[in-house]
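Breakdown of the fold
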Amino acid sequence: MLAVVPHPVTVRVPSKVNLHLAVGDVRPDGYHDLTTVFQALSLTDEVTVAVADEPGVEVVGENADAVPTGPSNLAWRAVQELARFSGRDPEEPRVRVVIRKGIPVAGGMAGGSADAAATLVGLSALWRLEVTRDDLARLAARIGSDVPFTLYGGTALGTGRGEQLVPVLSRHTYHWVLAFDRRGLSTPKVFGELDRLRAEGAPPRAGAVEPVLEALATGDPRQLALLLGNDLQAAAVSLRPGLRRTLRAGVNAGALAGTVSGSGPTCAFLCADEQAALRVAAELAGAGVCRTVRVAHGPVPGARVIGGEDAPRPVPPEVHA
Ligand SMILES: C[C@](O)(CO)[C@H](O)COP(=O)(O)OP(=O)(O)OC[C@H]1O[C@@H](n2ccc(N)nc2=O)[C@H](O)[C@@H]1O
Ligand SMILES: Nc1ncnc2c1ncn2[C@@H]1O[C@H](COP(=O)(O)OP(=O)(O)OP(=O)(O)O)[C@@H](O)[C@H]1O
């Protein structure tokens, strides 16, 4: 009798921007305690998992050459975690993972984390596992601090290393312009640079998180724009001084405010509405301060299987600098 091979499963997964990112002191385990507000953005990756005789990872799209395809790919870490969890041999999973990158690599937008979250969701469907999202979130946190958030999406308050999440009430769709830099930045290096800057002096710190939560509940982008804050911004700018110019150019182009996204170097500009975002994107693309400009909106849902009504949509408009 022929064995039935399940159909491949494709998952779409969002990127993130940190609306607020307050970084505490370095902990004995090398991580920093965070208080952060995440928003999931419509700039996405798509990940397909399939049963295969030739297991492995394949990467196509935005900067695919910069992504490892071996065991260090975070999506492969997810395959191994879920194999172990479901009693399969983590060294011999007969699975092929194809990643279509839309999220910039090493851009501070949780690209690799998103692929891990998508793989957990896709494989759970492929293997027909009875797992809750909370089960998956526990596995996700072992892979990386940003992985649980890209699994849930929406808007969330993150504490601990960023992996402990509670949903946040958010009333509005926010419109963003994203400026990708020519090269990525390493997340541990940016945290290390912040420690160095703090040892030398007192770089600016993000304020309290409560006003950010209040602004999200009212849904006024102008109020939120005044409150965007990221402790890692000074460190990212110190390692990549050109970001200062990019941040200025976005505001000069008409954005309400700009911030470095997470550990950078992507800069995220909050705009008043969709039309304003398109105008800012066009002007920023002509300013010659970055590699590529994209528009995106948020919040959007976390990693989810696509197909049927939810079939792939066109990617957001791209404007080349
Ligand atoms: C900057 C953020 O994107 C903000 O959401 C995240 O904190 C980074 O999350 P991530 O890329 O998933 O990071 P992980 O893979 O967990 O950790 C990579 C490295 O970043 C540093 N790291 C990360 C998270 C954290 N709370 N403190 C840290 O110091 C550590 O050096 C760690 O070894
Ligand atoms: N699936 C993946 N996609 C992208 N990079 C990956 C992936 N798996 C492993 N990596 C490695 O991780 C490094 C960081 O990539 P990633 O795109 O996750 O950074 P990031 O978006 O800045 O992360 P974060 O915002 O979570 O700190 C890359 O330089 C690459 O070597």
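Residues numbered from 1 in each chain as written. Chains lettered and ligands numbered in written order. Predicted model: local features only at pLDDT ≥ 70, side-chain atom pairs only at ≥ 80, totals over all residues.

Naming follows an unreviewed UniProt entry, where the protein chain appears as 4-diphosphocytidyl-2-C-methyl-D-erythritol kinase of Actinokineospora fastidiosa. Quoted verbatim from the Sequence similarities (unreviewed entry) heading of the UniProt record, the comment on the protein chain is "Belongs to the GHMP kinase family. IspE subfamily." Taken directly from UniProt, the Catalytic activity (unreviewed entry) text for the protein chain runs: "4-CDP-2-C-methyl-D-erythritol + ATP = 4-CDP-2-C-methyl-D-erythritol 2-phosphate + ADP + H(+)". (UniProt positions renumbered as here; feature names shortened; annotations may be inferred.)

1. Comments concerning the overall build of the protein chain
Secondary structure summary: the protein chain contains 10 helices and 13 strands in total. Taken over C-alpha atoms, the radius of gyration comes to 19 Å for the protein chain, in line with the 20 Å a tight globule of 321 residues would show. Along the first, second and third principal axes, the C-alpha atoms of the protein chain reach 65 × 45 × 35 Å. Burial statistics for the protein chain: of 321 residues in total, 50% are counted as buried. Of the contacts made within the protein chain by residues no fewer than 6 positions apart, 75% connect residues no fewer than 24 positions apart. (Helix = DSSP H or I, 4+ residues; strand = E, 2+ residues; numbered from the N terminus. Rg over C-alpha atoms; globule rule 2.2 N^0.38 Å. Buried ≥ 20, exposed ≤ 12 C-beta atoms within 10 Å, placed from the backbone. Contact = placed C-beta atoms within 7 Å.)

2. Things to note about the site of ligand 1
Every one of the 19 residues lining ligand 1 counts as a neighbour, but G144, S145, D146, P188 and G262 are closest to it. Listing elements by their share of the shell around ligand 1, those giving two or more residues are β1 (9-26), β2 (32-51) and α5 (187-200). Within the shell around ligand 1, the residues separate by chemical class into six nonpolar, 11 polar and two charged. Two domains each provide a minimum of three residues to the shell around ligand 1, namely domain 1 (9-169) and domain 2 (174-298). (Near = placed C-beta within 6 Å. Nonpolar A, V, L, I, M, F, W, Y, C, P; charged D, E, K, R; others polar. Domains from an automatic or database assignment.)

3. Topic: the UniProt feature "active site" (unreviewed entry) in the protein chain
Listed under "active site" (unreviewed entry) in the UniProt record, and renumbered for this structure, are K16 and D146. A maximum C-alpha distance of 8.9 Å among these annotated residues, which run over 131 residues, shows that they cluster at one spot. Relative to the assigned elements, K16 resides in strand β1. The residues touching K16, leaving out its near neighbours within four places in the chain, are F38, Q39, A40, L41, M109, A110, D146, F149 and T150. Secondary-structure assignment places D146 in the loop between α3 (133-143) and α4 (147-152). In contact with D146, not counting residues within four places along its chain, are K16, A110, S113 and G162.

4. Things to note about the domain arrangement of the protein chain
You can read the domains of the protein chain as domain 1 (9-169) and domain 2 (174-298). Computed from C-alpha coordinates alone, the two centres of domain 1 and domain 2 are separated by 23 Å. Contact residues are listed per partner, giving 26 residues for domain 1 and 35 residues for domain 2. For the side of domain 1 that touches domain 2, the secondary-structure elements that each account for two or more residues are β1 and β2. Classifying every residue of the side of domain 1 that touches domain 2 gives 17 nonpolar, nine polar and no charged.

5. Side note on the environment of A268
Relative to the helices and strands, A268 is located in strand β10 (residues 267-271). Taking the number of C-beta atoms within 10 Å as the measure of exposure, A268 has 31 and is therefore buried. Sequence separation between A268 and Y174 is 94 residues; the distance between their C-alpha atoms is 12 Å. Sequence-distant contacts of A268, that is, excluding residues within four places in its chain, are made with V17, W176, L178, G258, T259 and S261.

6. Describing the nonpolar core
General note: in soluble globular proteins, nonpolar side chains tend to be found buried as a group. Residues A75, A117, L120, W176, V177 and L270 are the most contacted members of the largest nonpolar core, which totals 96 residues. Looking at this core, you find at least three residues from each of domain 1 (9-169) and domain 2 (174-298). Those residues in contact with V177 that lie beyond four places of it in its chain are G250, A255, F269, C271, A277, V280, A281, L284, V293 and V295. (Core = buried A, V, L, I, M, F, W, Y, C linked by C-beta atoms within 7 Å.)

7. Structural notes on unusual backbone geometry
Excluding glycine, a negative phi dihedral is what most residues carry, and trans is how most peptide bonds are arranged. G264 connects to P265 through a cis peptide bond whose omega is 5°. Turning to its location among the elements, P265 is positioned in the loop between β9 (257-260) and β10. Of note, the amide linkage connecting G298 to P299 takes the cis form, showing an omega dihedral of 0°. Among the structural elements, P299 can be located in the loop between β11 (292-298) and β12 (304-305). Although it is not a glycine, N63 adopts a positive phi angle of roughly 55°. Residue position: N63 is located in the loop between β3 (56-61) and α1 (74-85).

8. Details of the UniProt feature "binding site: ATP" (unreviewed entry) in the protein chain
Sequence positions flagged by UniProt for "binding site: ATP" (unreviewed entry) are, in local numbering, P104, V105, A106, G107, G108, M109, A110, G111, G112, S113 and A114. Within the fold, A106 resides in the loop between β4 (95-101) and α2 (111-126). Among all residues touching A106, those that are not within four sequence positions of it are G184, L185 and S186. Mapped onto the elements, A114 comes out in helix α2. Residue class for A114 comes out buried when judged on the 35 C-beta atoms lying within 10 Å of it. Sequence-distant contacts of A114, that is, excluding residues within four places in its chain, are made with V13, P14, S15, D45, I103 and T150.

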